[in-house]
Amino acid sequence: MVKQRLRVDPIKCKAHGMCSELIPERIRLDDWGYPIIDPRAIGPDLLAHARRAVAECPRAALRIVGVDEPGARDRPDDPD
Amino acid sequence: MTAAVPTARLLPFPRVPEDLTAHLSRHGERPRLDAGLLVKSIEESGLRGRGGAAFPTGTKWRAVMQRAAGGDAVVIANAAESEPASFKDRTLLTVRPHLVLDGLEQAAEAVGARRAIVYVSRAHGELRRSLVAAIGERRRRADSGVFVEVVTGPNRYVAGEETAVTARVSGRLAKPRAVPPRPFQRGVDGLPTLVQNVETLAHAALVARFGAGWYRSVGTPKTPGTTLVTATGALRMAGVLEVDSTTTIAEIVERSGGVSAEPAAVLVGGYFGRWVAADAIWQRTIDVDALRGVGATLGAGVIAVLPVTACGVAETDRVLTYLAGQTAGQCGPCRVGLPAIAETFHKVAIGSARPAALDLLARWATDVLGRGACRHPDGAVLFLASALQVFATDLRHHVRSGVCRFSGQPALLGVPETEAGWW
Amino acid sequence: MGRRPRCPAAPDPFNAVTAAALGPTPLWYATRASGYTALVLLSATVVVGLLTSMRQSTPAWPRFLVQSLHRNLSLLVVVFLLVHIVTSVVDPFAKLGIGDAIVPFVASYRPLWLGLGVVSCELFLAVTVTSLVRHRLGWRAWQIVHMLAYVSWPVAVVHGIATGTDTKSVWALGLVTGCVVVVVSTLTWRLAVAGPGIPAVRWGGVAAGLAGTAVLVAWMAAGPLQPGWAKASGTPADLLAGAATATSPAAAANLPAGLSDPLTGSLVQSTTSATATLIDSRDSTLQVVIVANADGSGSMRVSRSGAVVCSAPATIAGATATAQCTAVRAVVQIFQNGGAIGGTLTTQRVGA
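All figures in this text were calculated on a predicted structure; none of them were measured in a lab. (Residues numbered from 1 in each chain as written. Chains lettered and ligands numbered in written order. Predicted model: local features only at pLDDT ≥ 70, side-chain atom pairs only at ≥ 80, totals over all residues.)

A. Structural context of the packing of helix 2 (residues 35-45) of chain B against helix 3 (residues 57-68) of chain B. Residues and elements named next belong to chain B. Close contact between helix 2 and helix 3 brings their axes to 7 Å; oriented N to C, the two are set at 150°. For the element pair helix 2 / helix 3, the angle class is roughly antiparallel. Along this stretch, helix 2 crosses helix 3, giving a crossing that reads as left-handed. Residues Ala35, Val39, Ile42 and Glu43 of helix 2 pack against Thr57, Gly58, Thr59, Trp61, Arg62 and Met65 of helix 3. Broken down by class, the residue content of the contact of helix 2 with helix 3 amounts to five nonpolar, three polar and two charged. (Axes fitted to C-alpha atoms, helices over the stretch in contact; angles between N-to-C directions. Helix = DSSP H or I, 4+ residues; strand = E, 2+ residues; numbered from the N terminus. Parallel < 35°, antiparallel > 145°, perpendicular 65-115°, else oblique. Left-handed = near helix turned anticlockwise from the far one by under 90°. Contact = placed C-beta atoms within 7 Å. Nonpolar A, V, L, I, M, F, W, Y, C, P; charged D, E, K, R; others polar.)

As structure tokens, this is what we get:
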């Protein structure tokens, strides 16, 4: 079973803030209302909440991905 | 003691623009190599990107080659040089355009690209003209090889970012895009795209001629080859130098005519780079590990020396305001966070902030890190974090009194006028 | 149009007049009630949708809950719209078919205004369906369709006012006024606080909302609130009331044409007038009363199950009384039948 985590598309996100209401265990808001995602894996107890947060995002900016999916920040020496 | 000047591979003296005839008499024709062998050669050379991220060039070429396999690809020479303190790319492209174009054509052949593009900034009109002339020279020859186009982008800091370049070449606004997919997977018009800094392509052109071993004969095993740096700041003869990874900061300064005043700190990399205390870095080389030891990377090759007679806080303030204004405005933490950070830092600089503002800045810096689609906010906040550390004493002074003896000095780190558009 | 031959033993249940003569059906009330309910719910949906986009929340109502409420309200609108449409089609009164509920402006009953209801409903369905598949559609496409809600709602309001039987009543006016006031003021608030980046667009939206409301009020005063609106809006002639108010559908029914029925009844004579009261032998619910005055004037009144179907002056010529009931001419011939009287009733459609 691949471990999963939440990831947000920073361009789509418009700080509606519903995600942090629905899964505060993994998402908190910064001083300007934008989500800071905890990269830790989502356990089976949180999966339903994570899915609901993904479904409720008005901009479809939130996704559940495998923890190994390359993101924008995962490799410090990214190609420029 | 003057260290031995490394082999001038990219920028030989005198630095006069080299036309096609001069280029051919120096280096001869560009070799036509088997793609696989060439890519292997690039990989073995250990050449890394010279645009700021230092990604292994051979790995990039192979990735594009594999994804293009049989189909089409695009190669782009990134000559945007949107880093205001850097001059190396413009200098190289003006003096040795044909070496860069050789590298571009080499890359196009290797990955199977039908389109080769040089991407320049609208602000560099002279450069564009000389480039077009050089391309014209090559086209007039019978076996001119790949068709090279010039595409112009806006004079904006993030317009030189890899995904912004591919967006602009695709006909859209020069704004960065969220990754994945990266350009080597899906770039211009959805094709695998190789975006490479012009200096990197020049090195690649030499590796194609002289081989990986030759490339590695200079520098350290971990950081082989030569590299261009822009030495600026409180130096008698600021300019572009060709150095290798055994060169120390002190030697760079010496080759630039020495300091015009006692150095306080050095900005390494660019406006997205790091401040380092002068005495911590002076005897260090620009080797990757040596710089990492003081929390810096070579980045875009900018070495800017701040003298004790200038105000690091004021310089940082100006650069932060510039960086905040350069956001593409796509991601909240950057669009809203960077201006908030710049404004707060400015208040600290002019003395209208409380000491708690410094803690706020540190917290915001960690909050913003890694939360944009591109690395623009990262560069800005890591630059800020280095300033908070290196100029800690000055900052505490500024919080209390708002000015220092050196406020009001002419700007060391200049910022260009920004244009309004994104085309 | 051809008429089915009347079968006296089994009244055709889909004969509008028969149905109307039975009085207001539950279906007719259900249509009106569900229509007003749907309008209220649609207005609430729009308001809560605006609150969602403004990121409004309270400790008891976090943002995801406000969005959930918006979604649930819209689903309730679907339910009541379904009731509204099904009852209006099944109800024989306005003679609406399923096609009239799908293709706008082709109905025989107030075609323009009913058609607006069809348009509003279809726009609303587009908004709802795209919202259900929002994640697959991509935000930009979803957003463009969702803006149609700002067309669907005002069109629904106009449809309700123009088609509604209850428009002039106090409660309906109050309800519609309430809906319009709440929606327009919430929209104004939303545009004033935030919204599209270009100020001109935002203030244009405010102006459009306020101007639209003013136009609505002016139109209502000049149109639906005026007497005669039912006819002006395209109610078919045979459904219009004679002189009665528009609230009683039975009164709007008319005397059927093409009758040729025997009558039986009685005659009462006085010094000034003679009154014949007759029942239709074929349709015992139909009663004819003719009054012949000494001065030569007369009147005829036809009722069905006690409800007046026709009441008009009659010309008396010997034993024949002729009256014009809107588009139908009724002729009654009377003769002695022992101690009682008999007669025949013939009706014919002629131009009014």
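Let's pick the thread back up.
B. Geometry of the packing of helix 5 (residues 97-111) of chain B against helix 6 (residues 125-139) of chain B. All names here are of chain B. For the pair helix 5 and helix 6, the least separation of the axes is 10 Å and the interaxial angle reads 65°. For the pair helix 5 and helix 6, the sense of crossing is right-handed. Two secondary-structure elements touch here, helix 5 through Pro97, His98 and Leu101 and helix 6 through Ser130, Leu131, Ala134, Ile135 and Arg138. In terms of residue class, the contact of helix 5 with helix 6 is built from five nonpolar, two polar and one charged.

C. Representation of the interface of chain C and chain A within the structure. Taken residue by residue, the interface counts eight residues in chain C and 10 residues in chain A. With three residues, the single largest contributor to the side of chain C that touches chain A is helix 3 (residues 63-90) of chain C. Here the residues of the side of chain C that touches chain A sort into three nonpolar, two polar and three charged.

D. Local environment of the nonpolar core. Grouped together as the largest cluster of nonpolar side chains are 131 residues, with contacts concentrated most on Val75, Leu104, Val111 and Val266 of chain B. Broken down by element, the residue count for this core peaks at nine residues, all from helix 8 (residues 198-216) of chain B. Judged by nonpolar contacts, the second largest core, of 35 residues, contains Leu41, Val47, Trp113 and Leu114 of chain C. (Core = buried A, V, L, I, M, F, W, Y, C linked by C-beta atoms within 7 Å. Buried ≥ 20, exposed ≤ 12 C-beta atoms within 10 Å, placed from the backbone.)

E. The sheet that holds strand 1 (residues 74-78) of chain B, seen in detail. Residue and element names in this part refer to chain B. The parallel open sheet is built from four strands, whose spatial order is 3-2-1-4. Strands with a single pairing partner mark the edges of an open sheet, and in this sheet they are strand 3 (148-153) and strand 4 (193-197). On average, each strand axis in the sheet is tilted by 25° relative to the strand beside it, whichever way the strands run. Taken together, the five bridges between strand 1 and strand 4 define a ladder with parallel strand orientation. The residue of strand 4 that forms the bridge with Ile76 is Val195. Strands in contact with helix 6 are strand 2 (115-121) and strand 3; relative to strand 3, the strand with the most contacts, it is inclined by about 170°. (Pairing = 2+ DSSP bridges.)

F. Up close: helix 3 of chain C. If you check helix 3 of chain C, its first and last C-alpha atoms are 41 Å apart, about what 28 residues at 1.5 Å a residue would give, namely 40 Å. Close packing links the buried residues of helix 3 of chain C with helix 1 (18-22) and helix 2 (44-56) of chain A together with helix 2 (26-53), helix 4 (98-102) and helix 5 (111-132) of chain C. (Expected span 1.5 Å × (residues − 1).)

G. Region of the structure containing the pairing of strand 5 (residues 307-317) of chain C. Residues and elements named next belong to chain C. Inspection of the sheet shows strand 4 (residues 297-304) paired to strand 5 by eight bridges, in the antiparallel sense. From the neighbouring strand, Val302 faces strand 5, where its bridge partner is Cys310. Adjacent in sequence and paired antiparallel, strand 4 and strand 5 are bridged by two residues, among which Ser305 carries a positive phi angle near 50°. Pairing analysis gives four bridges linking strand 5 to strand 6 (residues 320-325), with the strands arranged antiparallel.

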